[in-house]
Amino acid sequence: MTESAEPRARRTHILADLTPLRTSPDYRRLWFGNTVSWIGQGMTALAVSLQVYDITGSAFSVGLIGFCSLVPLVVFGLYGGAVADTVDRRKLGLFSATGSFVLSLALVAATVAGIEQVGLLYTVVALQAVCFALNAPARSSMIARLLPAEQLPAANALTTMTSTTGTLVGPMLGGLIVGWWGYRAAYTVDAVCFTASLYAMWRMPSMLPDRKAGEAGKRASVLDGLRFLGTRPNLRMTFFTDLCAMVLAHPRALFPVVAVLWYGGDARTTGMLVAAPALGALLGGVFSGWLGRIRRHGLAILLAVGSWGTAIAVFGLTRNLWLGLVFLALAGCADTVSMVFRNTMLQAAVPDEMRGRLQGVFIVVVAGGPRLGDFLAGSVADLASPAVAVTGGGVLCVTGVALLALKWRAFARYDARDPQP
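As the structure is a prediction and not an experimental result, all values here were calculated from the model. (Residues numbered from 1 in each chain as written. Predicted model: local features only at pLDDT ≥ 70, side-chain atom pairs only at ≥ 80, totals over all residues. Heavy atoms only, no water.)

Draft legend 1. Quick peek at the overall build of the protein. A count of helices and strands for the protein gives 16 helices and 0 strands. Compactness check: the protein gives a C-alpha radius of gyration of 21 Å against a globular reference of 22 Å for 421 residues, within 12% of the reference. Sequence separation of at least 24 residues holds for 86% of the intrachain contacts in the protein that already meet a minimum separation of 6. As displayed, the protein has an accessible area near 18,800 Å², and 68% of this comes from carbon and sulfur atoms. Each charge class in the protein was averaged separately, 34 positive and 22 negative side chains, and the resulting centres sit 4 Å apart. (Helix = DSSP H or I, 4+ residues; strand = E, 2+ residues; numbered from the N terminus. Rg over C-alpha atoms; globule rule 2.2 N^0.38 Å. Contact = heavy atoms within 4.5 Å. Areas by Shrake-Rupley, 256 points an atom, 1.4 Å probe, with all protein chains shown as cover. Lys, Arg positive; Asp, Glu negative; His and termini not counted. Charge placed at Lys NZ, Arg CZ, Asp CG, Glu CD.)

So this is what it looks like as structure tokens:
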């Protein structure tokens, strides 16, 4: 290898591994379509919040948007996973993506007609959550069929970049478009963005679940999926560790409070605190090339979640804004590492006939865990102080992960070369 080639190889090993995009045209279309639609959905999420506030002038009414989204995600998450283990996942993905596209068109039509009804906006948000709950298990289950096992960490790192890009870029573009051209333009752009997801699903090959002989065509049972999870300790640990982070050490609800009390800031400071973990998560995805060389996925998850808890605990002790932002970004980066390996285990160690249902459980945990964390952090901060809530939560997260690791020691020995659920 020449001198100039060596630094190039090192950069390749550090930066995100693009091998899945190069080797699988189907995955490439799926990833691109999902990335574009995530940005569009981020735009719409902000636009709906702004429109609800314009109509009502009520912060409570804006908060109800999250409730309208959360309940369908929790209720239909498990059901969507069971459907993904019953029918052709391509058709399910295409059907649910079409539903999201039609709902975006409904928002466009409402603005064109001059309809300003909060109930309509709530209904559209709830139905969008239903479509997502049906689409996500099908889409995630497809990845393990499109790529070899050794490319799954790279693919999941690219997926985290999709979600964090949508979280960061979507609302920013949405705010600009609403400010310049109004709600109709934002909803129209979202509808156009969804055509990328529709095209990706349309070009996907048929992908029926690989079920046992005699079970083809039978409706997959949610309870069977939960029973399967109950007897697979390594898979259970992926959820337990995530709950430690999202429930015990999730200070997001306190950002408006600490922005004022700790840093003497305002809404702009709160925005910086909110953006820091997402930016850290995005950087974690950009510099994720080394993740593909890790084989001890269980140990990596334990260290990543422990790092999240540690970073949150130290953030609770800082009173310098820039130092606090650094630790929040480090927490976001650790979350990316954890997310990559948890997703990889759910794809590689789960038989295809169960992947949809396990992804459904994943949706419920990801949707519900942070909301419980918000409630816990707010309650502790009210009873004690924000510092106790944040730092104490980080310490509890690290303690919880350590106790889980001692209870189920085999999880740290999980080897990607022999994935055992």
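Back to the write-up after that little detour.
Draft legend 2. Layout of the environment of Gly80. Examined against the element boundaries, Gly80 turns out to sit in helix H4 (residues 59-84). On a C-alpha basis, the gap between Gly80 and Leu92 in space is 9.3 Å, while along the polypeptide they are 12 residues apart. Ignoring any residue separated from it by four or fewer positions in sequence, one finds Gly80 in contact with Leu92, Ala133, Leu134 and Pro137.

Draft legend 3. Inspection of the confidence of the model for the protein at higher detail. With 95% of its residues at a pLDDT of 70 or more, the protein shows a mean pLDDT of 89. When pLDDT is averaged over each element of the protein, helix H13 (residues 297-315) comes out on top at 97 and helix H1 (residues 5-14) at the bottom at 54. A low-confidence stretch, residues 1-10 (pLDDT under 50), is modelled with 2 contacts involving residues beyond four sequence positions or located in other chains. (pLDDT = per-residue confidence, 0-100.)

Draft legend 4. How the structure looks around the side chain of Asn343. Relative to the helices and strands, Asn343 resides in helix H14 (residues 321-348). Excluding residues that lie within four positions of it along the chain, Asn343 makes contacts with Asn156, Gln359 and Phe362.

Draft legend 5. Representation of the state of the cysteines in the model. Summed over all chains, the structure comprises 0 disulfides. Distance from the sulfur of Cys68, which forms no disulfide, to the nearest cysteine sulfur (Cys131) is 15 Å. Free cysteine: Cys193, not disulfide-bonded; nearest cysteine sulfur from Cys131 at 17 Å. (Disulfide = S-S within 2.5 Å.)

Draft legend 6. Structural detail: helix H10 (residues 233-248). If you check H10, its first and last C-alpha atoms are 21 Å apart, about what 16 residues at 1.5 Å a residue would give, namely 22 Å. For H10, the tally of buried residues reaches 12 of 16 residues, placing the bulk of the element in the interior. Looking at the packing, one finds that the buried side of H10 touches helix H9 (222-230), H13, H14, helix H15 (352-383) and helix H16 (386-407). (Expected span 1.5 Å × (residues − 1). Buried < 20%, exposed > 50% of the residue type's maximum accessible area, 1.4 Å probe, protein only.)

Draft legend 7. Focus on helix H3 (residues 25-56). Taking 1.5 Å of rise per residue, the 32 residues of H3 would be expected to cover 46 Å, and the 46 Å separating its terminal C-alpha atoms lies within 8% of that figure. Phi turns positive, to about 65°, at Gly57, one or two residues after H3.

Draft legend 8. Spotlight on the packing of aromatic side chains. The tally for this structure, following the rule as stated, stands at 8 aromatic pairs. Ring centres of Phe240 and Trp408 lie 5.8 Å apart, and the angle between their planes is 40°; on these two criteria the pair is classed as tilted. A residue pair is termed long-range when its members are at least 10 positions apart, and Phe240 in helix H10 and Trp408 in the segment after H16 qualify at 168 residues. Note on Phe240: relative accessible area 30%, which makes it partly exposed. (Phe/Tyr/Trp six-rings, centres within 6.5 Å; stacked < 30°, edge-to-face > 60°.)

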